[in-house]
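Next come the chains, spelled out residue by residue.
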Amino acid sequence: MLNHIVIMGRLTRDPELRRTQSGTAVASFTLAVDRDFADKATGQRECDFIDIVAWRGTADFVSKYFSKGRMAVVEGRLQIRNWEDKDGNKRKSAEIVADHVYFGDSKRDGGGQAAPASTEPTPMTELPEDDGELPF
């Protein structure tokens, strides 16, 4: 069986880092992930809010380097949890258990802000005509 998921989105809030009774780190956060298509009637793209749970070193990494608005790429597996609410009703929750979390933007981008596009041409360096013998 295969249960592998990769998503990219922006954190909707700062990660919440907790520890289990045995001291294991666990971080939870939510990613806002745009859909690939726009609504035909409004032309607007819809967004899904996906809950993520990270454990141990990944949890520490996420809580240290990510904050609200940062773009993140999450690789992991989908998990469905059954639970009971305070009124005794049975509920289900879907979340991604993160194996790896990567930066989806760069720190210089302002952590969630798009970098301005440059309209300046990139200078080219001219290579010498004869750069020696080629090895092949």
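Every residue gets a number counted from 1 within its own chain, in the order that chain's sequence is written. pLDDT decides what is reported in this predicted model: residues at 70 or higher carry local features, side-chain atom pairs at 80 or more are listed and counted, and totals for whole chains, interfaces and linings draw on all residues regardless. Hydrogen atoms and water are omitted, and side-chain values are computed over all heavy atoms in the structure.

**Some words on the overall build of the protein chain**
Selection criterion: Under the scheme used here, helices are H or I runs from DSSP no shorter than 4 residues and strands are E runs no shorter than 2 residues, and both carry numbers assigned from the N terminus. Buried, partly exposed and exposed residues are distinguished by accessible area as a fraction of the type maximum, computed with a 1.4 Å probe on protein chains only: under 20%, between the cut-offs, and over 50%, respectively. Any pair of residues with heavy atoms lying within 4.5 Å of one another is described as a contacting pair. A 1.4 Å probe and the Shrake-Rupley method give the accessible areas. Residues count as covered only by the protein chains that appear here.
Check the secondary structure of the protein chain and you find one helix and six strands. The secondary structure elements of the protein chain, listed N-terminal to C-terminal, are β-β-β-β-α-β-β. Counting across all 136 residues of the protein chain, residues that qualify as buried make up 26%. Excluding contacts between residues fewer than 6 apart, the proportion of contacts in the protein chain whose partners are at least 24 apart in sequence is 58%. In the form shown here, the protein chain has an accessible surface area of approximately 10,700 Å², with 51% of it arising from carbon and sulfur atoms.

**Details of the side chain of T30**
For T30, the location among the structural elements is in strand β3 (residues 25-38). Those residues within four positions of T30 in sequence are excluded, and the remaining contacts are R10, L11, T12, R13, F49, I50 and D51.

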